[in-house]
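# What the coordinates show
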Amino acid sequence: DPKIIQKPKYLVAVTGSEKILICEQYLGHNAMYWYRQSAKKPLEFMFSYSYQKLMDNQTASSRFQPQSSKKNHLDLQITALKPDDSATYFCASSQDRGSYEQYFGPGTRLTVL
Amino acid sequence: QQQVRQSPQSLTVWEGETAILNCSYEDSTFDYFPWYRLFPGESPALLIAIRPVSNKKEDGRFTIFFNKREKKLSLHITDSQPGDSATYFCAARRTGNYKYVFGAGTRLKVIA
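Residues numbered from 1 in each chain as written. Chains lettered and ligands numbered in written order. Predicted model: local features only at pLDDT ≥ 70, side-chain atom pairs only at ≥ 80, totals over all residues. Heavy atoms only, no water.

### What to know about the state of the cysteines
- The tally for this structure, following the rule as stated, stands at two disulfides over all chains.
- With its sulfur 1.9 Å from that of its partner, A:Cys23 forms a disulfide with A:Cys91. Judged by the sign of its S-S torsion, about -70°, the cystine formed by A:Cys23 and A:Cys91 is left-handed. Placement of A:Cys23 in strand β3 (residues 19-25) and of A:Cys91 in strand β9 (residues 87-94) is noted, with a sequence separation of 68 residues between them. An identical accessibility class is assigned to A:Cys23 and A:Cys91; each is buried.
- In this model B:Cys23 forms its disulfide with B:Cys90; the gap between the sulfur atoms is 2.0 Å. Since a negative S-S torsion denotes a left-handed disulfide, the B:Cys23-B:Cys90 link at about -70° is left-handed. Within this pair, whereas B:Cys23 is found in strand β3 (residues 19-25), its partner B:Cys90 is found in strand β9 (residues 86-94), the two being separated by 67 residues in sequence.
- Judged by relative accessible area, B:Cys23 falls into the buried class, the value being 3%.
- Residue B:Cys90 is classed as buried on the basis of its relative accessible area of 1%. (Disulfide = S-S within 2.5 Å. Helix = DSSP H or I, 4+ residues; strand = E, 2+ residues; numbered from the N terminus. Buried < 20%, exposed > 50% of the residue type's maximum accessible area, 1.4 Å probe, protein only.)

Okay, here's the thing in structure tokens:
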């Protein structure tokens, strides 16, 4: 059974719209993260949460808003979508914020037309 | 400025050969270096990792060689198999900082 679930797997949106990317982890971890991989670029850290609290935000734009309704959930809301937002968004988790090992979900591939 | 660099961008080897994937970094405060493997459509999976206190870490067919002085490390995959064909990412993390910095990846193809 997958330990980190991301939904949907693929997502197509129009410029200016809003989408929510879902992430749930069943590893019992206390820290969760979002990373983004744009075309031909390295995975790039976006956010980290620990016990449902935002700990670090490396995203310059306020259009990206993480949301944690439960300890094992960390969704990502993206508003006013732009074509440059097209990327694969990976959710990850670790036992705690200080734990070295991070485990990744399968990603949501977002295409903005 | 890319803090973690990988080379080559793509690599093709024959089945049974040793594939060598290279990684270098600039920040001497990095203290943890994991390698992830990514098959298309799947999750990046942690393969093996090393800390600078060691210069070698082995796990089955996967070995990391680490050179702290030159800020370089390499992943050796011995007896490469077609099932090893994937993209391999080198990452790094600083002490007290939980975010990973990733390289751009090496796309490995193993031909039978």
